[in-house]
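Examination of the molecular architecture
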Amino acid sequence: MLDDLTNKLETVLKKIRGQGKITDTNIDESLREIRRVLFDADVNYKVVTKFINDVKEKSIGLNVLNSITPGQLIVKVINDELIKLMGAERSGIKFSDRIPSVILMVGLQGSGKTTFSAKLAKHLKSKGRNPLLAACDVYRPAAIEQLRILGKQISIPVYTDDNEKNPVKISNAAIQYARENARDTLIVDTAGRLAIDEEMMNEVAALKKSLNPEEILFVVDAMTGQDAVNTAKAFHDKLDFDGVVLTKLDGDTRGGAALSIKAVVNVPIKFSGIGEKLDAIEEFHPDRMASRILGKGDIVSFVEKAQNEFDLSESGKLEEKLRKNKFDYNDFLAYLAQIKKMGSLSGLLSMIPGAGKMLKNQEVDDKVLVKIESVIQSMTKKERENPNLLNGTRRRRIADGSGNSIQQVNRVIKQFEDMQKMMRQFSKDKGRGIMKKMKLPANFMNQLK
Amino acid sequence: MSFLDKIGFGKLKEGLNKTKDNLIGKVNRLVNARGVIDDEFLEELEEIFISSDLGMDTAELLITRIKERAVTDKYIDQKELNELINSEIRKVFYETTSEFKSFDFGLKQTPFVIIVVGVNGVGKTTSIGKLANNFKKAGKSVLIGSADTFRAAANDQLDIWAKRADVEIIQSKSTSDPASVAFDTVNSAVSKGTDVVIIDTAGRLHNKSHLMEELKKIKRVIQKVIPEAPHETFIVIDATTGQNGLNQALEFSKALDGLTGIILTKLDGTAKGGIVLKINKEMKLPVRFIGVGEQIDDLQVFDSKSFTEALFEK
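Parameters and conventions
- Residues numbered from 1 in each chain as written.
- Chains lettered and ligands numbered in written order.
- Predicted model: local features only at pLDDT ≥ 70, side-chain atom pairs only at ≥ 80, totals over all residues.
- Heavy atoms only, no water.
- Salt bridge = Lys/Arg side-chain N within 4 Å of Asp/Glu carboxyl O.
- Helix = DSSP H or I, 4+ residues; strand = E, 2+ residues; numbered from the N terminus.
- Buried < 20%, exposed > 50% of the residue type's maximum accessible area, 1.4 Å probe, protein only.
- Contact = heavy atoms within 4.5 Å.
- Buried area = accessible area lost by both parts, 1.4 Å probe.
- Polar contact = N/O pair within 3.5 Å; in protein donor to acceptor, adjacent residues only side chain to side chain.
- Nonpolar A, V, L, I, M, F, W, Y, C, P; charged D, E, K, R; others polar.
- Pairing = 2+ DSSP bridges.
- Axes fitted to C-alpha atoms, helices over the stretch in contact; angles between N-to-C directions.
- Domains from an automatic or database assignment.

**A word on the pattern of salt bridges**
This model, assessed by the stated rule, comprises 37 salt bridges over all chains. With a shortest N-O distance of 3.7 Å, A:Lys233 and A:Asp237 are connected by a salt bridge. Highlighted residues: A:Lys233 and A:Asp237, both in helix α9 (residues 227–239), separated by 4 residues, approximately one helical turn. Between B:Lys136 and B:Asp166 there is a salt bridge, and its shortest N-O distance comes to 3.9 Å. With B:Lys136 in helix α7 (residues 124–137) and B:Asp166 in the loop between α8 (154–165) and β3 (168–171), the pair connects residues that are 30 residues apart, well separated along the chain. Judged by its relative accessible area of 35%, B:Lys136 falls in the partly exposed class. A cluster of three or more residues bridged by salt bridges with shared partners is formed by A:Lys94, A:Glu215, A:Asp242 and A:Lys270.

**A word on the interface of chain A and chain B**
On the side of chain B, 44 residues touch chain A, which itself brings 38 residues to the contact. The junction of chain A with chain B conceals about 3,400 Å² of combined surface from both sides, 52% of it contributed by carbon and sulfur atoms. Seen at the junction of chain A and chain B, the total is 5 salt bridges. Notably, a salt bridge pairs A:Arg36 with B:Asp57, separated by 3.1 Å at the nearest N-O pair. Between chain A and chain B we count 19 residue pairs in polar contact (both at pLDDT 80 or more) in total. Of all elements in the fold, only α2 (24–40), α3 (45–61), α6 (143–153) and α9 of chain A reach the threshold of two or more residues within the side of chain A that touches chain B. A class-by-class count of the residues in the side of chain A that touches chain B yields 10 nonpolar, 12 polar and 16 charged.

**Considerations on the sheet that holds strand β1 (residues 101–107) of chain A**
Residue and element names in this part refer to chain A. Across the sheet, 8 strands lie side by side as β3-β2-β4-β1-β5-β6-β7-β8; this open sheet has mixed pairing. Across the chains shown, the open sheet's two edge strands, defined by having one partner strand only, are β3 (158–159) and β8 (281–283). Where strand β7 (residues 269–273) lies against β8, 3 bridges are found, and the strand directions are antiparallel. Across the sheet, residue serine 272 finds its bridge partner in β8, namely glutamate 282. Packed on one face of the sheet, α6 meets β2 (131–136), β3 and β4 (185–190) and runs near 165 degrees to β2. Contacts between helix α7 (residues 167–180) and the sheet are confined to β1, β2, β3 and β4, with β2 contributing the most and set at about 160 degrees to the helix.

**Quick look at the domain arrangement of chain A**
All names here are of chain A. Here chain A is partitioned into domain 1 (5–89 + 300–306), domain 2 (101–284) and domain 3 (310–448). Every contact between the two is made by 16 residues of domain 1 and, on the other side, 18 residues of domain 2. Of the roughly 1,400 Å² buried between domain 1 and domain 2 on both sides combined, carbon and sulfur atoms contribute 57%. Between domain 1 and domain 2 we count 0 salt bridges in total. Run the count over domain 1 and domain 2 and you get 4 residue pairs in polar contact (both at pLDDT 80 or more). Within the residue set of the side of domain 1 that touches domain 2, elements represented by two or more residues are α1 (3–19), α2, α3, α4 (70–86) and α12 (299–309). In terms of residues, the side of domain 1 that touches domain 2 owes the most to one element, α4, which gives 3 residues.

Laid out in structure tokens, this is it:
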């Protein structure tokens with residue numbers, strides 16, 4: 001995710017670092033390059049212009065010219081500005097006491113509404129909600145059938161009426177059905193529509209009026225170009241939506257649309273779709289995304305995802321490891337083994353610090369995983385438990401034993417160390433918060449059993 | 001007889017109206033508002049280009065040329081300035097698209113096999129329905145192979161389109177292997193003497209290697225039946241796509257040993273599809289068809305001249 005942007009920014013920033021001292025000219029040059037990077041990433045023109053101005057202003061305000069570590073200062077300024085741009089806070093779905101709470105999905109054709117509706121239903125179910133899906137795309141051939149099949153796959157009921165062509169009527173009947181069948185959440189899938197199609201926009205406005213939804217989610221393809229802002233704005237003007245869903249983020253798009261939409265309509269991005277499987281959904285974390293853009297990886301997402309997928313005993317072990325500040329190659333190996341169970345591999349791997357970069361020129365598929373595993377498996381039991389043992393001779397042996405180059409072995413070790421460092425930080429800085437957060441869903445899952 | 005006669009220039013212009021409003025319309029308005037080329041003017045011009053998804057390179061190229069022209073050709077009034085800028089934009093369009101002749105429906109070989117690929121949600125299935133309709137109207141017999149065995153109800157969707165276009169379709173029955181559907185379809189076309197075979201494939205992100213392998217396999221099995229097939233491999237690109245569109249084209253091309261054309265969809269929205277210029281330029285890959293609406297006759301043969309004219313005509 002956003003890996004290309006990260007890599008390019010890294011190159012630009014390395015240049016600043018390399019020059020040691022910041023001058024008016026090299027700030028300008030760097031900013032120009034960042035500007036180009038952001039345009040290539042499909043960030044909206046106006047958003048980029050403002051971003052660059054803000055960064056420049058803040059950089060000069062900070063008197064970076066006299067700073068000993070100007071590079072780091074600039075990185076911090078860019079990081080802060082990116083977070084600001086994407087919204088500093090994360091926010092989830094709003095529910096009310098009403099039965100059912102209604103979530104209305106809207107967006108252009110092909111943005112991924114139907115698939116995402118199913119993913120969201122599955123996600124909410126795992127959080128203890130009791131969802132019902134309503135098929136209100138009465139236009140696209142077989143759209144209703146598609147949702148019906150997806151519902152079956154995730155064992156969540158879908159309200160359909162093949163003979164009714166009025167989405168308002170269908171969704172109201174679905175509300176009735178939800179009440180009668182104790183479904184506390186209704187997710188309404190709608191037809192894709194162009195923002196300039198007045199008739200269709202009026203239709204969805206009528207849906208909003210009739211359903212009075214707790215949450216309207218605007219679904220947008222992460223590969224969208226400059227038009228993302230226009231479309232988001234038009235939908236927002238008409239519907240005043242509450243959140244954005246960014247789909248297909250498991251591709252190699254730089255996803256500048258995410259930054260732009262947030263900046264222009266000022267509505268939080270709440271979820272992202274990160275794979276073809278129906279569990280490939282992730283809550284969107286602006287702060288993590290910003291840190292990801294700057295190449296710091298996203299270990300928290302990884303841990304959360306892992307924790308959701310791991311069986312509870314594994315998750316308990318993880319907590320223990322975190323608390324005791326012991327994370328060794330066996331744990332790393334255990335994670336990798338578990339990854340295979342979890343949806344999108346590329347999405348997950350990009351959360352491991354440094355992995356995105358390492359994978360840049362390789363196939364992001366199971367082969368990569370096998371490679372990392374093969375390196376660890378060629379370590380002795382002692383080495384796995386004591387990562388510090390890995391000196392040059394041992395690394396060479398591991399390389400030969402696993403059929404990898406020494407560089408590859410070093411990369412795996414570097415990656416492991418980054419991960420370990422992150423873990424350490426969590427148990428120091430925000431350990432408590434994280435523990436709590438991790439414990440909550442675990443307890444919750446216990447109750448479900 | 002030109003096929004273009006049948007499709008109606010008016011509809012094309014109507015579909016492109018938004019594009020026109022956004023690129024040419026904006027340029028015209030800018031010229032009328034400012035009248036002279038200065039830094040601010042060029043900055044606003046750059047914004048118009050970037051906002052059309054033309055990409056930074058094309059935007060810079062255009063601006064450099066316009067600056068140069070303004071120095072050598074001294075414009076007298078706004079009208080001349082407007083013409084100067086328009087002619088430079090037009091030149092870039094022509095440079096990237098003019099060498100391609102529009103799609104020829106007089107097929108030299110039958111069965112003529114077309115594979116349609118692309119990322120998720122760009123409109124492959126819909127385009128295939130419309131494409132089949134185009135061939136049918138050109139008097140050809142068509143067989144569609146539904147090799148999207150992944151997406152829920154993709155079969156049903158394509159089936160409805162096949163009925164609308166009144167063409168035959170082969171779907172997977174018990175198998176979930178897209179290659180075997182493709183194989184059956186081509187085989188059946190050979191034995192029936194069908195003119196055109198169109199293979200629909202599941203949407204896939206181009207960075208997923210196992211899914212790209214699946215595409216290669218589809219191609220391989222088709223070649224077992226007809227060694228020189230596929231005769232066309234079209235990538236469908238959504239006009240709203242940003243700079244990632246180039247990656248899409250490059251990766252699909254790499255997996256399939258080359259693409260032969262682009263079907264550019266959803267041009268009836270506000271998006272400009274500017275990314276295809278970049279693709280044209282980098283890969284010499286022409287746009288073959290454009291989608292301008294949801295009706296079955298809303299897929300137009302792309303003709304660079306009429307496209308450019310429709311774009312510029314006042």
